[in-house]
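Each chain is listed here by its residues.
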Amino acid sequence: TGNANAEVIVGAGPGGGPRVRSFDGNAIATRGKTFNTLLPGDVSADFFAFESSFRNGVLVSASPALATATAQYLSVAPGSGGAPRVRVLNGAAITLKTIAYNTLQQGDVVADFFSGNPGSRNGAFISTADYNRDGTPDVAVGTGAGDTGIITVYSGARIQQSGQNFTGNLIGDVLYTAPVGPGGYVNGVTVGSSVVASTALDGLLLMGFGGGVQALTGRAQLIRFNLSGAGLTPEVLSEVTLDVNFRAPVFTGN
């Protein structure tokens, strides 16, 4: 909304429609525990990110509100049961239209593409940050549970340039892609992002995985991408391993 406090953006979980709601950060900061979403202005956006008949929820990721950013995105992907479809929504349009935003008008959606196998029905995990530090938020996608764990980082600059023609398949579209975990690991990979306070454009990737056919101990990694030609090279800054008996996936967030 352009005010002093960041919004809280939520997506419905499995069994729900792909409904996204944005709650006003100023109202939350002002009212604290009394905030209930029921007063005028509490909800700054409320819409379906995909077809309303879809009933496997939606994952959401907003790009950090950086003063130097050339674009603001809200990226969405279906939950498990949906294809790995990525939609990059126009943050400026959401700011302008607020509660009237519905993804259906011209300019509402920046890009709409499939990440990986469009025939998969395991959904995808998604996160948004400026991983290559060029001033434009990039989109990181992790495969859903049931697919081989793969992380792919798509160029925000290419998304902004290509718009609805962006496919993720052309030279320069992908900044980084690689499998994670040992061979045969098919429980996907969750992703989240962070920004280093001292260097506002330094996007970090949080990666979590565990479970799967090999019953891996759940763990999470914090990764910084270093520039390498036109692409990125990952550097693991830290790794957290949960209890050795923990064999379920690890979810990460922004």
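Scroll up to find the structure.
Once a new chain begins, its residue numbering starts again from 1 and follows that chain's sequence as written. This being a predicted model, a pLDDT of at least 70 is required before a residue's local features are given, and a value of 80 or more before pairs of side-chain atoms are given or counted; all residues contribute to the totals for chains, interfaces and linings. Water and hydrogen atoms were dropped before computing side-chain values, which therefore reflect all heavy atoms in the structure.

## Side note on the packing of aromatic side chains
Moving on, step 1. The pairing test for Phe, Tyr and Trp rings, Trp by its six-membered ring, is centres within 6.5 Å, and the orientation test on the planes gives stacked under 30 degrees, edge-to-face over 60, and tilted for anything in between. Tallied over the entire structure, the rule returns seven aromatic pairs.
Moving on, step 2. With a centroid separation of 5.0 Å and 70° between ring planes, the pair formed by F113 and Y154 is classed as edge-to-face. Of this pair, F113 sits in strand β7 (residues 109-114) while Y154 sits in strand β10 (residues 150-154), placing them 41 residues apart in sequence.
Moving on, step 3. Ring-pair connections join several aromatic residues into one group, and the members of that group are F113, Y154 and F166. Counting from the N terminus, the helices are the DSSP runs of H or I reaching at least four residues and the strands are the DSSP runs of E reaching at least two.

## As for the nonpolar core
Moving on, step 1. Grouped together as the largest cluster of nonpolar side chains are 19 residues, with contacts concentrated most on Y131, I151, V153, L205 and F225.
Moving on, step 2. Looking at this core, the elements with two or more residues in it are β8 (124-129), β10, β11 (174-179), β13 (203-211) and β14 (216-228).
Moving on, step 3. Once residues within four sequence positions are removed from consideration, I151 is found in contact with V141, Y176, T177, A178, V180, V189, V191, L205 and M207.
Moving on, step 4. By nonpolar core we mean a set of buried residues, namely Ala, Val, Leu, Ile, Met, Phe, Trp, Tyr and Cys, connected to one another through side-chain atoms within 4.5 Å. Buried residues are those whose accessible area, probed at 1.4 Å on protein chains only, stays under 20% of the maximum for their type, while exposed residues exceed 50% and partly exposed ones sit between those limits. The next biggest cluster of nonpolar side chains, apart from the first, holds 15 residues, and it includes A71, A77, V139 and Y154. In what follows, residue pairs with any heavy atoms lying within 4.5 Å of each other are defined as contacts.

## What about the layout of surface pockets?
Moving on, step 1. Put simply, the second largest pocket is a space of about 590 Å³.
Moving on, step 2. Here a cavity means grid points, on a 1 Å grid over the protein atoms only, where a 1.4 Å probe fits yet cannot get out; a pocket means an open set of points with protein on both sides within 12 Å along at least five of seven lines; lining residues are those with an atom within 4 Å of a point. Lining of the second largest pocket is provided by 34 residues; of these, L59, V60, F125, F251 and T252 occupy positions nearest its centre.
Moving on, step 3. Secondary structure elements with two or more residues in the lining of the second largest pocket: β4 (58-62), β8, β12 (190-195) and β13.
Moving on, step 4. When residues in the lining of the second largest pocket are grouped by element, the largest group, four residues, is from β4.
Moving on, step 5. Residue classes follow a fixed rule: Ala, Val, Leu, Ile, Met, Phe, Trp, Tyr, Cys and Pro count as nonpolar, while Asp, Glu, Lys and Arg count as charged, and any other residue, Gly among them, counts as polar. In terms of residue class, the lining of the second largest pocket is built from 17 nonpolar, 17 polar and no charged. Grid points are joined across faces, edges and corners, and a volume is the space filled by probe spheres set on the points.

## Thoughts on the sheet that holds β8
Moving on, step 1. DSSP calls a pair of strands paired once it identifies at least 2 bridges connecting them. In space, the four strands of this open sheet follow the order β8-β9-β10-β11, with antiparallel pairing throughout. If you trace the sheet from one side to the other, it starts and ends with β8 and β11, each paired once. Across this sheet, the average inter-strand angle for adjacent strands is 15°, counted without regard to direction.
Moving on, step 2. As defined by bridge partners, strand β9 (residues 138-143) adjoins β10 across four bridges and the pair is classed as antiparallel. Of the residues in β10, the one forming a bridge with V139 is Y154. Each axis is a line fitted through C-alpha atoms, and for a helix only the stretch in contact is used; angles between axes span 0 to 180 degrees, taken between their N-to-C directions.

## A short note on the pairing of strand β5 (residues 73-78)
Moving on, step 1. Among the six residues that make up β5, six are buried, leaving the element largely enclosed by the rest of the structure.
Moving on, step 2. Where burial is concerned, the two faces of β5 agree: the one with Y73, S75 and A77 and the one with L74, V76 and P78 are both buried.
Moving on, step 3. Alignment of β4 against β5, held across five bridges, turns out to be antiparallel. Within the sheet, the bridge partner assigned to S61 lies in β5 and is S75.
Moving on, step 4. In this structure, β5 lies alongside strand β6 (residues 85-90), joined through four bridges in antiparallel fashion. Each bridged residue has a counterpart across the sheet, and for L74 the counterpart in β6 is L89.
Moving on, step 5. Counted between consecutive antiparallel strands, the loop separating β5 from β6 contains six residues, among which G81 sits at a positive phi close to 110°.

## Concerning the sheet that holds β6
Moving on, step 1. Strand order in the open sheet formed by four strands is β4-β5-β6-β7, and the pairing between neighbours is antiparallel. Edge positions in the sheet fall to β4 and β7, since each of these pairs with one other strand and no more. Pairwise comparison of adjacent strand axes, ignoring direction, gives a mean angle of 15° for this sheet.

## Details of the environment of N132
Moving on, step 1. Looking at the secondary structure, you find N132 in the loop between β8 and β9.
Moving on, step 2. Once the C-alpha coordinates of N132 and T177 are considered, the two residues, 45 residues apart in sequence, prove to be 14 Å apart.
Moving on, step 3. Each residue touching N132, except ones within four places of it in the same chain, is listed here: D138, L175, L227 and L232.

## Details of unusual backbone geometry
Moving on, step 1. Phi is positive for T103, which is not a glycine, with a value near 70°.
Moving on, step 2. Mapped onto the fold, T103 is located in the loop between α2 (91-97) and β7.
Moving on, step 3. Classification of T103 as buried rests on a relative accessible area of 8%.
Moving on, step 4. Of note, R133 is a non-glycine position whose phi angle comes to about 55°, a positive value.
Moving on, step 5. Structurally, R133 is set in the loop between β8 and β9.

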